[in-house]
Amino acid sequence: MEIYTDFQNTCNHWQKFTPGDKHVPLTIRRQRLHNDGVLLAFDGFTTPEQVGRFRNQILYIIKEDAAELPEGEYYFHELVGLAVVDETGSVLG
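Thresholds, definitions, all that
Residues numbered from 1 in each chain as written. Predicted model: local features only at pLDDT ≥ 70, side-chain atom pairs only at ≥ 80, totals over all residues. Heavy atoms only, no water. Pairing = 2+ DSSP bridges. Helix = DSSP H or I, 4+ residues; strand = E, 2+ residues; numbered from the N terminus. Buried < 20%, exposed > 50% of the residue type's maximum accessible area, 1.4 Å probe, protein only. Polar contact = N/O pair within 3.5 Å; in protein donor to acceptor, adjacent residues only side chain to side chain. Contact = heavy atoms within 4.5 Å. Patch = residues over 30% accessible without salt bridge, like charges linked within 9 Å, V, L, I, M, F, W, Y side chains within 5 Å. Areas by Shrake-Rupley, 256 points an atom, 1.4 Å probe, with all protein chains shown as cover. Salt bridge = Lys/Arg side-chain N within 4 Å of Asp/Glu carboxyl O.

## What about the pairing of strand β1 (residues 16-19)?
Where β1 lies against strand β2 (residues 26-34), 2 bridges are found, and the strand directions are antiparallel. If you follow F17 over to β2, its bridge partner there is L26. Here β1 folds back onto β2, and the loop between the two strands holds 6 residues, one of which, G20, carries a positive phi near 55°. Where β1 and strand β4 (residues 59-61) come together, 3 bridges link them in antiparallel fashion. From the neighbouring strand, T18 faces β4, where its bridge partner is Y60.

Structure follows, in structure tokens:
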């Protein structure tokens, strides 16, 4: 797994992920660093071929497991759909 988070130091406490668009819950059984990423083993999967269907998909954490952000910082999903306005109140997009 390649890591695209600013919270890599908190990855060790995440135990559940949901891959891709179907969001099938996966529970981590074991993990270890490998090159620039992490190798994961999931409960219920015993071979690389079984988890191969999740290859090249984004793994999402459960929202409730997300770290709290400092005031004024937001997760991407919290910004989707919001209007952007300038200082005068004109809608930019």
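Okay, back to it.
## Here's the deal with the side chain of T18
Summarising the element assignment, T18 is placed in strand β1. A relative accessible area of 10% places T18 in the buried class. Separated by 3.3 Å, the side chains of T18 and H23 make a polar contact. When neighbours within four sequence positions are excluded, T18 is seen to be in contact with H23, V24, P25, I58, L59, Y60 and I62.

## Quick look at unusual backbone geometry
Among all residues except glycine, the phi angle is most often negative; among peptide bonds, the trans geometry is most common. At N35, a position not held by glycine, the phi torsion is positive, near 55°. Within the secondary structure, N35 sits in the loop between β2 and β3 (37-42). You can call N35 exposed: its relative accessible area is 72%. The phi torsion at N56 lies on the positive side, around 60°, for a residue other than glycine. Within the secondary structure, N56 sits in the loop between α1 (48-51) and β4. By relative accessible area, which is 78% here, N56 ends up exposed.

## Concerning a nonpolar patch on the surface
On the surface, Y74, L79 and L82 cluster together into a nonpolar patch covering about 340 Å² of accessible area. Secondary-structure assignment places L79 in helix α2 (residues 76-79). On the basis of relative accessible area, L79 is assigned to the partly exposed category, the value being 42%.

By themselves these figures say nothing about function.
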